[in-house]
Amino acid sequence: MRVETVIKIIRKLYEGLISFLTLGIITFLLFLGSRTTAVLTQSEHLLFIEESPLSFLFWIMAAVVVAFLFTRFEWGKELISKINTDEKLYRRVRTYLAFGLFSVCLFWVLSTQMMARGDQLEIQEAAFRVHLGDFGELLPDGYIGAHYNQIGLMLISYLFSFIFGSQNYLVFQIFNCVAVAVIYVRLADLGAVIKLSNFNRLLVQVSGFFFLPIIFFSSFVYGNIIGLALALCALNYEYRFFEEKKKRYAFASALLIALATMVKPNFAIYMIGILGFAVLSVIIKKDVKSLYYVALVLIFFALQTYGTKFVFEKMSGLKLQDGISPYAFVAMGLQEGGLGPGWYDGYNDLSYEIVKYDTKAQRQEAIWNIKDRLKFFLENKEEAFSFFTRKTAAQWVEPTYESIFILNEDSDYTVKISAWVWWIISVSGSSVISRLGKIFQILVLFGALLFMLLFRRDGEYYKALTPLMILFGGFAFHFVWEANGQYTIIFFVLLIPFAVSGYAQLSELIAGMGKAGEFKVALNRLSLIIAAIFFIGFTVFYHGRSQYLAADTESYKAYVQASKEEVVIPDSTYNLKSESDLYVTAVPDPDKEYSFDDDDKKMYLNLSSEATAIRLINYHGRVRLYIADKNLYLDHGSEPLIATTYRDTDDQLWIIKPSDTDSQYYIIPCSERINTFDNRMSITSDYHLGYDASGNLVITDDSTSGLWTFEQ
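Computed from a predicted structure; not experimentally measured.

## What about the overall build of the protein chain?
For the protein chain, the helix and strand inventory stands at 28 helices and 14 strands. Relative to the globule expectation of 27 Å for 712 residues, the C-alpha radius of gyration of the protein chain, 30 Å, shows essentially globular dimensions. Along the three orthogonal principal directions, the C-alpha set of the protein chain runs to about 105 × 70 × 60 Å. By the burial criterion, 55% of the 712 residues in the protein chain qualify as buried. Sequence-distant contacts, at least 24 apart, represent 73% of the contacts inside the protein chain between residues at least 6 apart. Per element, the accessible surface of the protein chain, about 31,500 Å² overall, is 61% carbon and sulfur. Taken together, the 62 basic and 72 acidic charged side chains of the protein chain have centroids lying 19 Å from each other.

## Here we look at the pairing of strand E2 (residues 46-50)
A large share of E2 lies buried, amounting to 4 of its 5 residues. Where strand E1 (residues 36-40) lies against E2, 5 bridges are found, and the strand directions are antiparallel. Bridge pairing in E2 links Val39 to Leu47. Counting the residues that bridge the hairpin from E1 to E2 gives 5 residues, and of these Glu44 lies at a positive phi of roughly 70°.

## A look at the packing of aromatic side chains
For any pair of aromatic rings, geometry is given as the distance between the ring centres together with the angle between the planes. In this structure the tally under the stated criterion is 56 aromatic pairs. Judged by centre distance (5.8 Å) and plane angle (80°), the rings of Phe242 and Tyr293 are edge-to-face. Taken as a pair, Phe242 in helix H11 (residues 224-244) and Tyr293 in helix H14 (residues 291-316) lie far apart in primary sequence, 51 residues in all. Note on accessibility: Phe242 and Tyr293 belong to one class, buried. Ring geometry for Phe385 and Phe541: centres 4.8 Å apart, planes at 90°, overall edge-to-face. Of this pair, Phe385 sits in helix H18 (residues 381-396) while Phe541 sits in helix H26 (residues 525-542), and the two are 156 residues apart along the sequence. Taking relative accessible area as the criterion, Phe385 reaches 32% and is therefore assigned partly exposed.

## Some points on the packing of helix H16 (residues 347-354) against helix H17 (residues 359-379)
Contact geometry of H16 with H17 gives a least axis separation of 9 Å together with a crossing angle of 125°. If you check the angle between H16 and H17, you find them oblique. Regarding H16 and H17, the two cross each other, and that crossing is right-handed. Each of Tyr347, Asn348, Ser351 and Tyr352 in H16 lies in contact with H17, whose residues at this interface are Thr359, Gln362, Glu365, Ala366 and Asn369.

## Description of H17
Helix length check: H17 (21 residues) gives 30 Å between terminal C-alpha atoms against 30 Å at 1.5 Å per residue, within 8%. Along H17, the residues classified as buried are Thr359, Gln362, Ala366, Asn369, Ile370, Arg373 and Phe377. One side of H17 holds all its buried residues, which, seen down the axis, span an arc of 105°. Seen from the buried face of H17, the exposed residues on the opposite side, beyond 90 degrees, are Lys360, Gln364, Trp368, Lys371, Leu378 and Glu379. Backbone nitrogen of Lys360 and a side-chain oxygen of the N-cap are separated by 3.1 Å at the start of H17; the cap is Asp358.

## With respect to the pattern of salt bridges
Scanning the model with the defined rule gives 23 salt bridges in all. Of the charged contacts, one joins Arg129 and Asp134 as a salt bridge, the two residues approaching to 2.7 Å between their closest N and O atoms. Judged by relative accessible area, which is 26%, Arg129 ranks as partly exposed. Classification of Asp134 by relative accessible area gives partly exposed; the value is 28%. A salt bridge links Lys416 to Asp648, with the shortest nitrogen-to-oxygen separation between them at 2.8 Å. Residue Lys416 is located in the loop between helix H19 (403-406) and helix H20 (419-425), and its partner Asp648 is located in the loop between strand E9 (642-644) and strand E10 (654-658); the two are separated by 232 residues in the primary sequence.

## A short note on the nonpolar core
With 162 residues, the main nonpolar core has Phe211 and Tyr270 as its most contacted residues. Counting residues in each nonpolar core, the second largest holds 26 residues, with Val584, Leu605, Ile614 and Phe710 among its members.

## Quick word on unusual backbone geometry
Each neighbour pair has its own omega, and for Glu639 with Pro640 the value is -10°, a cis peptide bond. On the secondary structure map, Pro640 appears in the loop between strand E8 (632-635) and E9. Despite not being glycine, Lys195 shows a phi value in the positive range, around 65°. As for its placement among the helices and strands, Lys195 is situated in the loop between helix H8 (169-189) and helix H9 (198-207). A positive phi angle, near 50°, is found at Lys286, a position not held by glycine. Looking at where Lys286 falls in the secondary structure, it is placed in the loop between helix H13 (268-285) and H14.

## So, the confidence of the model for the protein chain
With 96% of its residues at a pLDDT of 70 or more, the protein chain shows a mean pLDDT of 89. At the level of individual helices and strands, the protein chain shows its lowest average pLDDT in helix H2 (residues 53-72), which scores 81, and its highest in helix H12 (residues 247-263), which scores 96. Scored below 50 in pLDDT, residues 516-521 shows 12 contacts in the model against residues more than four places distant or in partner chains. Under a pLDDT of 50 for its full length, residues 594-598 has, in the predicted model, 7 contacts with residues more than four places off or in other chains.

## A few points about the environment of Ile10
As for its position among the elements, Ile10 is in helix H1 (residues 3-33). With relative accessibility at 31%, the residue Ile10 sits in the partly exposed group. For Ile10, the residues in contact, after removing those within four places along its chain, are Leu280 and Ile283.

## Let's talk about the side chain of Ser501
By the secondary structure assignment, Ser501 is in helix H25 (residues 496-511). We classify Ser501 as buried; its relative accessible area is 3%.

## Description of H25
For H25, spanning 16 residues, the distance from its first C-alpha to its last is 23 Å, which sits close to the expected 22 Å at 1.5 Å a residue. Among the 16 residues of H25, 12 are classified as buried, and the element is accordingly described as predominantly covered. When we look at burial in H25, the residues that qualify are Ile496, Pro497, Phe498, Ala499, Val500, Ser501, Gly502, Tyr503, Ala504, Gln505, Leu506 and Ser507.

Rules of the game
- Residues numbered from 1 in each chain as written.
- Predicted model: local features only at pLDDT ≥ 70, side-chain atom pairs only at ≥ 80, totals over all residues.
- Heavy atoms only, no water.
- Helix = DSSP H or I, 4+ residues; strand = E, 2+ residues; numbered from the N terminus.
- Rg over C-alpha atoms; globule rule 2.2 N^0.38 Å.
- Buried < 20%, exposed > 50% of the residue type's maximum accessible area, 1.4 Å probe, protein only.
- Contact = heavy atoms within 4.5 Å.
- Areas by Shrake-Rupley, 256 points an atom, 1.4 Å probe, with all protein chains shown as cover.
- Lys, Arg positive; Asp, Glu negative; His and termini not counted.
- Charge placed at Lys NZ, Arg CZ, Asp CG, Glu CD.
- Pairing = 2+ DSSP bridges.
- Phe/Tyr/Trp six-rings, centres within 6.5 Å; stacked < 30°, edge-to-face > 60°.
- Axes fitted to C-alpha atoms, helices over the stretch in contact; angles between N-to-C directions.
- Parallel < 35°, antiparallel > 145°, perpendicular 65-115°, else oblique.
- Left-handed = near helix turned anticlockwise from the far one by under 90°.
- Expected span 1.5 Å × (residues − 1).
- Arc of directions from axis to C-beta.
- Polar contact = N/O pair within 3.5 Å; in protein donor to acceptor, adjacent residues only side chain to side chain.
- Salt bridge = Lys/Arg side-chain N within 4 Å of Asp/Glu carboxyl O.
- Core = buried A, V, L, I, M, F, W, Y, C linked by side-chain atoms within 4.5 Å.
- pLDDT = per-residue confidence, 0-100.

Rendered as structure tokens:
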């Protein structure tokens, strides 16, 4: 058999396999997305709500009509033609769009200024402690010692601190804003491989203004966004290297993908895809000389992996251990966690602690748990189908990709966030954002399916499949790994340029614009048949066995409705009347020399026949009770209760809950832990504002005192 024939067979097998797998993933996600949406509560519990396929069919048809009409109007044709033929204009608009997206992200970052929390905070604090000569976090029981996968970002944060200082979250977030702009520029550049026109490449960048999770993640002090920008740059430079054979592109690509895996090890999946494309290109083009690129990637990856370890071992004098075993993440990814299927449940940390921080012992324990869980799935196939279906939905058809949960009310901000930001992160606001995100998600998936059906395949088709190969790698990896939407979004974005291409080709197909000598649109009948078989197969298979995909529909509706009704009493000035028909009155501090001095900074509260006007101020789900004429606030930080000057503390925050009696309410003191809607929903009236036998206001558990009426 001739060498050319063998190479052609290899290329065709690769193209067929990746196309088949991609069709399976896209049709499965479309099937899931048309029937359910995964949503996260503010306490990170997953809910699955029912969807109507018809509603998404409407949006798909609307997108197709808009795409078609835009290319049919004369002014639309002129605009498209001008951008496609004027390279300078294209580059100018491309720069404007990149700057615009950077500006939107910067506006978001400056409006939120979110502080690090959870893993983010642990990494930043560990980096700061290195400056103190404190390497305790590198010990086996330290955060970095256990979560060794975070050591790369820790080193970058440490080096970063020499210029900008430690824990400078705002500067980190500004770098994220730059990275977001780069992400969409590089996604648009992938359009060259799939034959996107200049105009359609600009549409890829425009999509960045509508895909809100990536914008929200610019506030995330973590490696996801920067790593994605680096990985996409690496992929683009790899394409350029194999086209132009310039060594600088090979070095740039290898260095950037190594840095991407350094800030977030998940980008090793990108690196594998990049290596796969390189090996395939060497085989197809019979270009053995270019194999040095593969060597460069592996060398740079080894340098960042072992170099980071070497640096910290030299600095600390410690022998670093391997930390939590990767098998523990797989074991956790197969568990029915309390938050959701495969979601974080503490198993990896707890099992590591139980074996006294022994990686090998934990690995053996995790392998046993994996085998036990797989045995359970084999013996309970319906449970297995349910588990992996819900896990996939939780990661891939959760439209916010956990971006809003990360920003929720439990986060800390260096600013008092404005009402519009609070609305976005609130339950009612996030439900709207989720709905908009779901429409975007479905449109991207359907557009990507159109690409698979309509793209004309030639001898260069294998190049176009590299991002889709990476998508498959991410899908397969997170099928068994710990589940989380913030991990899958870095793969979902790869579909955006393919979606733009799909709609563009459908528009041309409808218009019948194919002309001799130009790129034509032709339906790939085999792909259509395969996609139809997949979709019909999923429909038949899940018929009557997918109730769990809609199990939380009514409870979620009630959850959102309750959040909209959280403001029980509107802002206004009231007289606060007890069930004994006496009113709250502010009386002077007996320790003061003067009985009613306007300079008094403290007054006591009791009941009398005369009322002191109190202004109720709703603020982010809680209220302040303000005595305007004395400029004092009701404060539950001491007994008996007092009114005192403004303090930025939970002691001056209250929650109002309706009682079983009409127009009477419990006024409940707020504590530090009551900082999300979920917390406020679960709070009871066991302890509430009441009064003692002398009429002094106190916090009481006496159910016979403490029902209040707000009279105007």
